[in-house]
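Summary of the model geometry
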Amino acid sequence: MDKEKQIEILANLIAIDSVDDNEAKVANYIASLFEPYNDREDVDIQRVTYAPNRDNLVVTIGTGEKILGFSGHEDVVSQGDLSAWNSDPFKAEIKDNKLFGRGVTDMKGGLAALVITMLDFLAEDAIPGKIRLLATVGEETGEYGAAQLTKAGYADELDGLIIAEPTNEMKEIGISSKGVIDYVVTSIGKGAHSSKPEDGINAIDHLINFANEVKPLMENFDKTDPILGKLTHVQSVFHGGEQINSVPVKAIMKGNIRTIPAYPNQLVFSALNHLIDNLNQKPDYNLSIEYIFPEEAMSGDSNASLVRLIKNVHKNMYPDPIKVVGQTSASDASEFSHAKGNFSIVQIGPGNNSEHQSNENIDIDVFSKSIAFYKRFVDLNDL
């Protein structure tokens, strides 16, 4: 496929507003690209609905017992303040050899590159084995689609999975990632007039005590992963009270923890639960904690055959050696790692550090070369 057609496909994906929703239109567009080949026995297109207007897409091409997995998510984050953009975030614009648009780096650029790779193999009628695309919903808000596809068995017994998340313009390969624990602590008190605070129970005071004690508690998890670094903890939301002249009845705090493989989530849960239990032993304390879509940290093997092959292909196509890194942000890899079978999951894709920002962009040459990379990798992979 020539570069002009490649850019057209990516631009069409950008034009679909799939901000944390509406992924079915992305799935429909990608499926339409494969439908000319749908009468072939070696092509299978399946939509897997998560919710109304939210479809995952699974496209399998080729034949053979071994299956190489490709994956990318269909959703994007909000465009944010439109005045901070120099162009319409949902209308691709090219300037200085860069294509601008919401989600172009994270990660419709990578998703498009995988789709085009598969389309090229079909057009050339030379598929070197079996390839399965897993296009998912809800990655930005909780990896819902990946969890659904994993539970349904679509990722079982793969012989390797490439997720095309942006990795510094194809200069890095992510083999591990931090886990995620989002938690919400609720403090319940008793209302009273502020002139008689002794008649009430101040929910904010009790929540502040939790906030003060949870910080050193999390600092006790002080091991350092050689690739991912340390566990991190951020108190990110704090609100409560009803009005300025009343003792607050309710207060809520939200926190975000990024874990490392040395500390499975259950260890962190136990520490937080123990702190809540201890505080609730004090008079009038009524604290509760809730965990939202926790994800385990994912470890990786820098010497895995999939990683070695990527390194070999990369060194013949790019001037600088590829770096093996860990991803501090969560991805669908955390969910796919629960699939049956022992296979490696890596992240490597076009894109840069403009993700989640205004004027998000991708270098067109990097995007186009990533397609050549994926094709070369599949050609050499032992499927």
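Scroll up to find the structure.
A few points on the structure. (Residues numbered from 1 in each chain as written. Predicted model: local features only at pLDDT ≥ 70, side-chain atom pairs only at ≥ 80, totals over all residues. Heavy atoms only, no water.)

This part takes up the layout of surface pockets. One number sums up the size of the largest pocket: a volume of about 670 Å³. Around the largest pocket, the lining is made up of 30 residues, and of these E139, R258, S329, A330 and H356 lie nearest the centre. Put simply, the parts of the chain that give the lining of the largest pocket at least two residues each are β9 (179-188), β13 (250-259), β14 (287-295) and β15 (323-327). For the lining of the largest pocket, a count of residues per class yields 6 nonpolar, 14 polar and 10 charged. Considered as a void within the structure, the second largest pocket measures approximately 240 Å³ in volume. Around the second largest pocket, the lining comprises 16 residues; the ones closest to its centre are S299, G300, F343, S344 and I345. Broken down by class, the residue content of the lining of the second largest pocket amounts to 9 nonpolar, 6 polar and 1 charged. (1 Å grid on protein atoms, 1.4 Å probe; cavity = no way out; pocket = protein on both sides within 12 Å on 5 of 7 lines; lining within 4 Å. Points joined across faces, edges and corners; volume = space filled by probe spheres on them. Helix = DSSP H or I, 4+ residues; strand = E, 2+ residues; numbered from the N terminus. Nonpolar A, V, L, I, M, F, W, Y, C, P; charged D, E, K, R; others polar.)

Once that is clear, we can look at the pairing of β13. Most of β13 is tucked away, with 7 of its 10 residues classed as buried. Note that β9 and β13 share 10 bridges and pair antiparallel. Paired with T186 across the strands is I252, a residue of β13. Both strand β12 (residues 232-240) and β13 contribute to a ladder of 8 bridges, which runs antiparallel. Each bridged residue has a counterpart across the sheet, and for V234 the counterpart in β13 is N256. (Buried < 20%, exposed > 50% of the residue type's maximum accessible area, 1.4 Å probe, protein only. Pairing = 2+ DSSP bridges.)

M107 follows D106 through a cis peptide bond whose omega is -15°. Summarising the element assignment, M107 is placed in helix α3 (residues 104-124). The backbone of D284 sits at a positive phi, close to 70°, despite the residue not being glycine. Even without being a glycine, H356 presents a positive backbone phi close to 65°. In this structure, H356 sits in the loop between β16 (345-347) and β17 (361-363).

Bringing the packing of helix α2 (residues 23-34) against α3 into the picture now. It is the contact of α2 with α3, at a shortest axis distance of 10 Å, that shows an interaxial angle of 20°. With respect to their mutual orientation, α2 and α3 come out roughly parallel. Between α2 and α3 lies a crossing whose hand is right-handed. Between α2 and α3, the residues in contact are V26, I30, L33 and F34 and K108, L111, V115, M118, L119 and L122, respectively. Looking at side-chain class alone, the contact of α2 with α3 contains 9 nonpolar, no polar and 1 charged residues. (Axes fitted to C-alpha atoms, helices over the stretch in contact; angles between N-to-C directions. Parallel < 35°, antiparallel > 145°, perpendicular 65-115°, else oblique. Left-handed = near helix turned anticlockwise from the far one by under 90°. Contact = heavy atoms within 4.5 Å.)

Let's shift gears to the environment of W85. Mapping W85 onto the fold places it in the loop between β3 (67-73) and β4 (93-95). Every residue in contact with W85, bar those within four places of it in the chain, is listed here: Q79, G101, R102, Q357, S358, N359 and E360. Here Q79 takes part through its backbone oxygen, which lies 2.8 Å from a polar atom of the side chain of W85. (Polar contact = N/O pair within 3.5 Å; in protein donor to acceptor, adjacent residues only side chain to side chain.)

Glancing now at the environment of F90. Note that F90 resides in the loop between β3 and β4. Residue class for F90 comes out buried when judged on its relative accessible area of 15%. With 268 residues separating them in the primary sequence, F90 and S358 have C-alpha atoms 12 Å apart. Apart from the residues lying within four places of it in its own chain, the contact partners of F90 are I14, A15, I16, D17, V19, Q79 and R102.

Take the sheet that holds β17 next. If you trace the 3 strands from one edge of the open sheet to the other, you get β4-β5-β17, paired in antiparallel fashion. Taken across any chain shown, the strands that pair with only one partner, and hence form the sheet edges, are β4 and β17. Sheet twist, expressed as the mean angle between neighbouring strand axes with direction ignored, is 25°. Here β4 pairs with strand β5 (residues 98-100) via 3 bridges, running antiparallel. Bridge pairing in β5 links I94 to L99. Contacting β5 and β17, α3 crosses the sheet at an angle of about 45° to β17. Helix α9 (residues 364-380) rests against β4, β5 and β17 of the sheet, and its axis sits at about 65° to β17.

Turning our attention to the packing of aromatic side chains. Going through the model one piece at a time under the given rule, you end up with 8 aromatic pairs. Taken together, a centroid distance of 4.4 Å and an interplanar angle of 40° make the contact between F269 and Y291 tilted. Highlighted residues: F269 in helix α6 (residues 265-279) and Y291 in strand β14, separated in sequence by 22 residues. The rings of F70, Y318, F373 and Y374 are connected pair by pair, giving a single aromatic cluster. Lying over the aromatic face of Y318, K369 brings its terminal NZ or CZ to 4.3 Å of the ring centre. (Phe/Tyr/Trp six-rings, centres within 6.5 Å; stacked < 30°, edge-to-face > 60°. Lys NZ or Arg CZ within 6 Å of the ring centre and 35° of its normal.)

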